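Survey of secondary and tertiary structure
Here is what each chain is made of, one letter per residue.
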Amino acid sequence: MSLSLKTVQKNEVEVYPIKTKSGMKVFFLRVSLMLIFVILQLSFFDILFPWPQAPVLLLVAVVVWTLVLGFPRSLYLTVPLTLFLDSASYGAVSWVSLYAVLLAYGTSFLSRRLLIEHRGLSLALYAFFTAASIFAYQSLTPFVSRSSIGALVKDATSSPFPSWSIVFFTFLFSCFLFPLVYFILKRFENHIEFIAQKQFLNVR
Amino acid sequence: MALRRKFTQTKFFRALVVLGLLGACLFFQPRFILEPLRSVIAVISSPVEGIVSALGFEVRDAFHFFSSIGELKTENERLQKDNIRLSSENSKWESVSGENEELRKQLGLLPQQKHDLLSAEVVGRDASGIGNWITINRGALDDIRQGMPVIVNGEVLVGRVSEVFASSSRIMLLSHPESQISGITTTGEAQGIVRGEHGLGILFDMVLQADSLRAGDRLVTSGLGGELPKNLFVGTLQEVRLSDDHLYQRASVVPPVRYESLRYVFIIKNSAEK
């Protein structure tokens, strides 16, 4: 008896069809999680730690999603996630969207070359990479326009670089946040996978 | 034999396409893409933001309490001294205030400082630190309108309502790069523009060289233009210098409150001072 089972290959674009019931559920869960991340970033982390000058939680989530799902699939989550942040904050597409895509590509590039399991020491390595990429975001932001080309010159000439204490704190904070987000998203993606597989296998 | 992918199937190509699209959006800034989404997100997230931000404030206050235990004794002594000084000053001002009210009545002038205030809680903050805005839990349903001034501690101006959603609003703080209001020193000797310095501070700019500007002067709103009530306190002047073109004077302004620690604010819905 042949069983028609649709397998999901890693690093292959596989979007669960929204038309199906489980596809809708997956879509709803993903959008909800993205909104939760954006709300947590703007209403919790930015109130608790107003200094980092970077959407730390969202950048960590981009790295984790790329490690868990691979670059092509994470792209479908990275772009909406940053667009949600942009619409909730600036109201226009900002530099953070561009940087998040570059970060996802960089993470994918690194994960392919290192060829290591995402556990133990490698987790620490990726946490360090995430912290370094957030530092890069903080360093580049003064030179890049956030909202308009007109602001580019103004920002580049007089927007200051964050102090070293802020950079150091953000670095430690990102390193601490990475494993937490990694385990949450890993479990979340396992759950999503289970929901999707349940339909194909017709599990009751 | 290794299977060669077409260039259009590579990750690099996909990244290029997405970067190109986002780059075009960044360059042309088509607001219609995110504008509809913005209102929807504001409505959906508004109730959750209130809970999450309250939690954030509580955790921050707890951190602050434990980190400042060592300073409590010194702080307490300083506050006791301040209390004695302010009590004596207060008794003096009470008599002056009564006298002022009596004279205003006799001259037929309108009573001062009659603001119709609405309290609000901060539920969101800018992630960049440079944009410098806050989100509050009051919106169009509470009759909030664009341009309304936002104050704290009685008469301290912190910003203006820049965007209004159904149950939340965005406040552009005075330190926002696009914030510009008309200001005057309490001595009345210098008038100029109060504007944000890239989200990090406030600058009192465009003050004529003939005007007298000194460090330590107190800065208030002038009320010119009719958008803001006059005499709202903005801050104290510090470090007076000439502008880059040497035509005007300018000074850094130290606000009396730290914008990153704002939790409750008041919106002036109507004012007799306009």
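Quick notes on the rules
Sequence order as written defines residue numbering, which begins from 1 separately in each chain. In the order they appear in the text, chains get letters beginning with A and ligands get numbers beginning with 1. Reporting of local features is limited, given that this is a predicted model, to residues whose pLDDT is at least 70; pairs of side-chain atoms are given and counted only at 80 or more, and all residues count toward the totals for whole chains, interfaces and linings. Every helix listed is a DSSP run of H or I at least four residues long, and every strand listed is a run of E at least two residues long, numbered separately from the N terminus. Radius of gyration: over C-alpha atoms. The globule rule applied is 2.2 Å multiplied by the number of residues raised to the 0.38 power. In this scheme the burial state of a residue depends on its C-beta neighbours within 10 Å: 20 or more other such atoms mean buried, 12 or fewer mean exposed, and anything in between means partly exposed; the C-beta positions come from the backbone. It is the C-beta atoms, placed from the backbone, that decide contacts: two residues are in contact if theirs lie within 7 Å. A helix is expected to span 1.5 Å multiplied by its residue count minus one. With axes taken as lines fitted to C-alpha atoms, and helix axes fitted only over the stretch in contact, angles between N-to-C directions fall between 0 and 180 degrees. With respect to orientation, any angle under 35 degrees is reported as roughly parallel, any angle over 145 as roughly antiparallel, any angle of 65 to 115 as roughly perpendicular, and every other angle as oblique. Residues were grouped as follows: Ala, Val, Leu, Ile, Met, Phe, Trp, Tyr, Cys and Pro as nonpolar; Asp, Glu, Lys and Arg as charged; and all remaining residues, including Gly, as polar. Any two strands with at least two DSSP bridges between them are considered paired. Domain boundaries shown here were taken from an automatic or database domain assignment. As a per-residue quantity, pLDDT reports the predictor's confidence and falls between 0 and 100. Buried Ala, Val, Leu, Ile, Met, Phe, Trp, Tyr and Cys residues whose C-beta atoms connect them within 7 Å together make up a nonpolar core.

Counting secondary structure elements, chain B contains 3 helices and 12 strands. In terms of overall size, chain B is more extended than a compact globule, its C-alpha atoms giving a radius of gyration of 24 Å where 274 residues would be expected to give roughly 19 Å. Principal axes of the C-alpha set define a box for chain B whose edges measure 95 × 50 × 40 Å. Within chain B, buried positions represent 34% of all 274 residues. Once local pairs closer than 6 in sequence are excluded, the contacts in chain B between residues at least 24 apart make up 57%.

Here we take up the overall build of chain A. Looking only at helices and strands, chain A has 7 helices and 0 strands in total. Listed N to C, the secondary structure of chain A is α-α-α-α-α-α-α in terms of helices and strands. Residue burial in chain A is summarised as follows: out of 204 residues, 43% are buried. Taking the contacts inside chain A whose residues are at least 6 apart along the sequence as the reference set, 73% of them involve residues at least 24 apart.

Over its 21 residues, helix 5 (residues 120-140) of chain A extends 30 Å from the first C-alpha to the last, a length consistent with the 30 Å expected when each residue adds 1.5 Å. Those residues of helix 5 of chain A that fall on the buried side of the exposure criterion are Tyr126, Ala127, Phe129, Thr130, Ala131, Ser133, Ile134, Tyr137 and Gln138 of chain A.

Listed as interface residues are 41 residues of chain B and, on the opposing side, 40 residues of chain A. Within the residue set of the side of chain B that touches chain A, elements represented by two or more residues are helix 1 (11-28), helix 2 (35-67) and strand 1 (115-125) of chain B. At 15 residues, the largest contribution of residues to the side of chain B that touches chain A is made by helix 2 of chain B.

Take the packing of helix 1 (residues 21-48) of chain A against helix 2 (residues 56-69) of chain A next. Residues and elements named next belong to chain A. One can describe the packing of helix 1 onto helix 2 by two numbers: an axis separation of 8 Å at closest approach and a directional angle of 150°. Classified by the angle their axes make, helix 1 and helix 2 are roughly antiparallel. Every residue of helix 2 that contacts helix 1 at Phe37, Leu40, Gln41 and Phe45 is listed here: Val56, Leu57, Leu58 and Ala61. Considering only residue class, the contact of helix 1 with helix 2 consists of 7 nonpolar, 1 polar and no charged.

What follows deals with the pairing of strand 10 (residues 233-242) of chain B. Sheet faces and side chains relate simply in a regular strand, where the side chains alternate between the two faces. Residues and elements named next belong to chain B. Alignment of strand 9 (residues 218-221) against strand 10, held across 3 bridges, turns out to be antiparallel. Counterpart to leucine 219 in the pairing with strand 10 is glycine 235. Connecting strand 10 to the next strand, strand 11 (residues 248-254), in antiparallel fashion are 5 residues, including histidine 246 with a positive phi near 60°.

Quick look at the pairing of strand 2 (residues 133-136) of chain B now. All names here are of chain B. Residues Trp133 and Thr135 of strand 2 are buried on one face, and the alternating residues Ile134 and Ile136, pointing to the opposite face, are buried as well. Pairing of strand 1 with strand 2, which is carried by 3 bridges, proceeds in the antiparallel orientation. Within strand 2, the position partnered with glycine 124 by the bridge is threonine 135. Pairing of strand 2 with strand 5 (residues 169-173) involves 4 bridges; the strand directions are antiparallel. Each bridged residue has a counterpart across the sheet, and for tryptophan 133 the counterpart in strand 5 is methionine 172.

Turning to the domain arrangement of chain B, a few remarks are in order. All names here are of chain B. Its domain assignment divides chain B into domain 1 (35-107) and domain 2 (114-274). For domain 1 versus domain 2, the distance between C-alpha centres works out to 17 Å. With 8 residues of domain 1 in contact, the opposing surface of domain 2 contributes 11 residues. Counted by class, the side of domain 1 that touches domain 2 contains 3 nonpolar, 4 polar and 1 charged residues.

This part is about unusual backbone geometry. Residues and elements named next belong to chain B. Even without being glycine, methionine 206 reaches a positive phi, approximately 60°. Mapped onto the fold, methionine 206 is located in strand 8 (residues 201-208). Among the residues examined, methionine 206 registers 18 C-beta atoms within 10 Å and is labelled partly exposed. Phi angles above zero are rare outside glycine, and histidine 246 is one such case at about 60°. With respect to the element layout, histidine 246 can be found in the loop between strand 10 and strand 11.

Another point: the confidence of the model for chain B. A residue-level look at chain B finds 92% of positions with pLDDT of 70 or above and a mean pLDDT of 84. Predicted as a complex, the structure gets a pTM of 0.75 and an ipTM equal to 0.72.

Moving on to the environment of valine 31 of chain A. Mapped onto the elements, valine 31 of chain A comes out in helix 1. The spacing of valine 31 of chain A and tryptophan 95 of chain A is 64 residues in sequence and 22 Å in space, taken between C-alpha atoms.

All right, on to helix 4 (residues 95-114) of chain A then. For helix 4 of chain A, spanning 20 residues, the distance from its first C-alpha to its last is 28 Å, which sits close to the expected 28 Å at 1.5 Å a residue. Turning to helix 4 of chain A, its buried residues are Trp95, Val96, Ser97, Tyr99, Ala100, Val101, Leu103, Ala104, Tyr105, Thr107, Ser108 and Ser111 of chain A. Residues of helix 4 of chain A that are buried in the fold lie against helix 2, helix 3 (71-88) and helix 5 of chain A together with helix 1 of chain B.

Let's shift gears to the nonpolar core. For soluble globular proteins, the rule of thumb is that nonpolar side chains tend to be buried together. Among the nonpolar cores identified, the biggest contains 101 residues, and Val56, Leu59, Val60, Ala61, Val62 and Val64 of chain A together with Val158 of chain B are the most heavily contacted of them. Among the elements that make up this core, the one with the highest residue count is helix 2 of chain A (12 residues). Among the domains, domain 1 (35-107) and domain 2 (114-274) of chain B are the pair contributing at least three residues each to this core. In contact with valine 62 of chain A, not counting residues within four places along its chain, are Thr78, Ala100, Leu103 and Ala104 of chain A.

Here the focus is the confidence of the model for chain A. All names here are of chain A. Within chain A, residue pLDDT values average 78, and 76% of them lie at 70 or more. Within chain A, the element-level pLDDT minimum falls on helix 6 (residues 150-158), averaging 41, and the maximum on helix 2, averaging 93. Considering only residues more than four positions removed or in separate chains, one finds that residues 1-13, a stretch of pLDDT under 50, has 9 contacts. For residues 146-159, every residue scores under 50 in pLDDT, and the model assigns this stretch 21 contacts once sequence neighbours within four places are set aside.

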